[in-house]
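# Structure assessment
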Amino acid sequence: MHGWLVIDKPVGPGSTQIVSAVKRALKAGDYPKMKVGHGGTLDPLASGVLPVALGEATKLSGRMLDADKVYDFTISFGVETDTLDGEGEAAFTSGARPSLAEVRAVLPRFTGPIEQVPPAYSALMIDGKRAYNRARAGEAVEMKTRAVTVHSLEILPGTGRGTARSAVEGLALPPEKPLHHPSDDPPPRTGEDLESVTLTARVSKGTYIRSLARDIARALGTVGHVTMLRRTKAGPFTLDQAISLDKLAELGKARQLEQTLLPLTAGLDDIPALPVTPDQARLLRQGRVLIGIAAQPGLYLATDQSVPVALVELSEGELRPELRVVRGFNL
């Protein structure tokens, strides 16, 4: 039972509650006790792909946190909440609404390397305390900008709802300026005005979709917040591999979790395998450095007859290539 369960997290529970649900399913099936951890937090109001690592796969959870993610999300225009989602209170309002053409024209300014200010209601640590705890206590939370990458950002086909209303003039927008690629010209003003639009984005680690939605809305001359957030991919894991909490409980009771358990190597699909001999495998398990391995420098999954031994890195070395253990597996 060393591998991955991919859960389709519903709206409501947090990531730690999903881990608890997996532990209950393991207990219901009388499986041996093992380590369980998730590979990337999802807010309670978000749904979608949550990889849960079992056993030795928990050693790869950090790699999942660093992996790119894909999200579908809906921006509702007219209200920006303090949490930047539907859970918070209105902080700013505007009667302005963008057209679909305006939204389409502004998206390239948020694609590629950008800087963004994380939400005050986030789990980031500020002076030893979670930002959301400070915000809930009424403190003025100053969040530092961070560099992230939005690899792609598109409007989902068939999304966006219009009301053909006119913009209300004179409403003050928030003082903060969105951090995106500047543009000298405003987006074109054509078509029906939108109450909301749904986008899909592939983003680097550390990207806050709530902040992205806030900044897109502000760049369009209005305000907005996220009303739907669904993760469709986390690293190599997709919704096609995910199971519901009901299915998880059912498989646990029937002691059939192996049916949906993905192997440990599923979290390393971008890492090439490097076959080693039994003697070399023994040395790697001891944390020893191997000399003279014939391969290109880089990261590899060392395997002994297809059994994962360790995540290793091959470097040039002073005289000959050196193979060092990054993370060993007890399999």
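Our structure's up above, just so we're on the same page.
One structure accompanies this document, and this report is about it.

Cut-offs used in this document
- Residues numbered from 1 in each chain as written.
- Predicted model: local features only at pLDDT ≥ 70, side-chain atom pairs only at ≥ 80, totals over all residues.
- Heavy atoms only, no water.
- Pairing = 2+ DSSP bridges.
- Helix = DSSP H or I, 4+ residues; strand = E, 2+ residues; numbered from the N terminus.
- Contact = heavy atoms within 4.5 Å.
- Axes fitted to C-alpha atoms, helices over the stretch in contact; angles between N-to-C directions.
- Phe/Tyr/Trp six-rings, centres within 6.5 Å; stacked < 30°, edge-to-face > 60°.
- Buried < 20%, exposed > 50% of the residue type's maximum accessible area, 1.4 Å probe, protein only.
- Lys NZ or Arg CZ within 6 Å of the ring centre and 35° of its normal.

## A word on the sheet that holds strand β20 (residues 322–328)
Paired through their backbone hydrogen bonds, the strands of a sheet run either parallel or antiparallel. Ordered by their spatial adjacency, 5 strands build an open sheet running β16-β18-β19-β20-β17, and the pairing between neighbours is mixed. The open sheet has two edge strands, β16 (273–275) and β17 (290–291), and neither has a second partner. Where β16 meets strand β18 (residues 298–304), 3 bridges bridge the pair, whose relative direction is parallel. What sits directly across from P275, in β18, is T303. This element, helix α7 (residues 278–285), spans β17, β18, β19 (307–315) and β20 of the sheet and lies at about 75° to β19.

## Re the packing of aromatic side chains
Evaluation of the coordinates by the stated rule reveals 1 aromatic pair. Aromatic pair W4 and F237: ring centres 5.2 Å apart, planes at 45°, arrangement tilted. Note that W4 is positioned in strand β1 (residues 3–9) and F237 in strand β14 (residues 237–238), a separation of 233 residues in sequence. The class of W4 is buried, set by a relative accessible area of 0%. According to the relative accessible area criterion, F237 is buried, its value standing at 1%. When the ring centre of Y31 is taken as reference, the NZ or CZ atom of R255 above it lies at 4.5 Å.

## So, the pairing of β19
The pairing of β18 with β19 spans 7 bridges and is classified as antiparallel. Bridging across to β19, T303 finds its partner in P308. Linkage of β18 to β19, two consecutive antiparallel strands, is achieved through a turn of 2 residues, within which Q305 is found at a positive phi near 55°. Sheet topology note: the β19/β20 ladder contains 6 bridges and is antiparallel. The residue of β20 that forms the bridge with S315 is E322.

## Concerning helix α5 (residues 209–219)
In terms of burial, α5 is a largely internal element, 11 of the 11 residues being buried. Looking one or two residues beyond α5, the residue adopting positive phi is G221, at roughly 80°.

## Some words on the environment of A266
Within the secondary structure, A266 sits in the loop between β15 (262–263) and β16. Distance in space between the C-alpha atoms of A266 and G3 is 7.8 Å, their sequence separation being 263 residues. Beyond its immediate sequence surroundings of up to four residues, A266 is in contact with W4, P236 and F237.

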